[in-house]
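Examination of the molecular architecture
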Amino acid sequence: KLLSDYCSGTAIPVLCNAHIQPSELKIKHQIPERIRIIYPAGRDHLRIFDKLVLGAYNDICIKYPGKFEITFVGVHPDIDNFYDRSSVKYVEAMPYDEYLHFMNTHDFDVGIAPLESNEFTARKYFVKYIEYAKYAIAGIYSNTMPYTFAVNDGVNGTLVDSSCRDWFNAF
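Definitions and limits used
- Residues numbered from 1 in each chain as written.
- Predicted model: local features only at pLDDT ≥ 70, side-chain atom pairs only at ≥ 80, totals over all residues.
- Heavy atoms only, no water.
- Core = buried A, V, L, I, M, F, W, Y, C linked by side-chain atoms within 4.5 Å.
- Buried < 20%, exposed > 50% of the residue type's maximum accessible area, 1.4 Å probe, protein only.
- Helix = DSSP H or I, 4+ residues; strand = E, 2+ residues; numbered from the N terminus.
- Contact = heavy atoms within 4.5 Å.
- Expected span 1.5 Å × (residues − 1).
- Bend = angle between axes of the 7 residues up to and from the residue.

Ile37, Phe49, Tyr57, Ile70, Ile112, Trp167 and Phe171 are the most contacted members of the largest nonpolar core, which has 26 residues in total. Elements with a contribution of two residues or more to this core: strand S1 (35-40), helix H2 (46-63), strand S2 (68-73), strand S4 (110-113) and helix H7 (164-170). Ranked by the residues each element gives to this core, the list is headed by H2, at nine residues. Leaving out residues up to four positions away in the same chain, Tyr57 has contacts with Ile37, Phe68, Glu69, Ile70, Phe82, Ser87 and Phe171.

Bringing H2 into the picture now. Under the 1.5 Å per step criterion, the end-to-end length of H2 is 24 Å for 18 residues, consistent within 8% with the ideal 26 Å. Of all the bends in H2, the greatest measures close to 45° and is centred on Val53. Among the residues of H2, Ile48, Phe49, Leu52, Val53, Leu54, Ala56, Tyr57, Asn58, Ile60 and Cys61 are the ones counted as buried. Tucked into the core, H2 has its buried residues touching S1, S2, S4, strand S5 (138-142) and H7.

In structure tokens form, the structure reads like this:
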């Protein structure tokens, strides 16, 4: 589909596998009393986060006070109406090599990857799946391509349908 849509029959290589060296894998860490969630994204992902995850995260903090914290990398959702604003941390966007170092030197328990289902996002790569797995982070992903190429729901991640209630249940 990619070739027919974008390359007019020109044969080009397409990356289908990602190779991670054993030395790159982070050792599993102890999960503390407060579950640490990570969401690295660009500004253009803010709308889908607000639509699917923002309310679900707030509701889970209400239901389980003091049990969750979330770190945003590169994106700044509006949390003025959050139940527990102290559970939110912001980290500025950074070059990719610095981001990989940041992920390797911080322990997170859950990584989230909300994504709209459309022609553009279906052609993205499932890099968040690879990063979360590499850093021993359980992943919660939108039930759409590209994540459905890599994630077997309940086995190596959690796939979530496109509603705030589904994200709440996944948390």
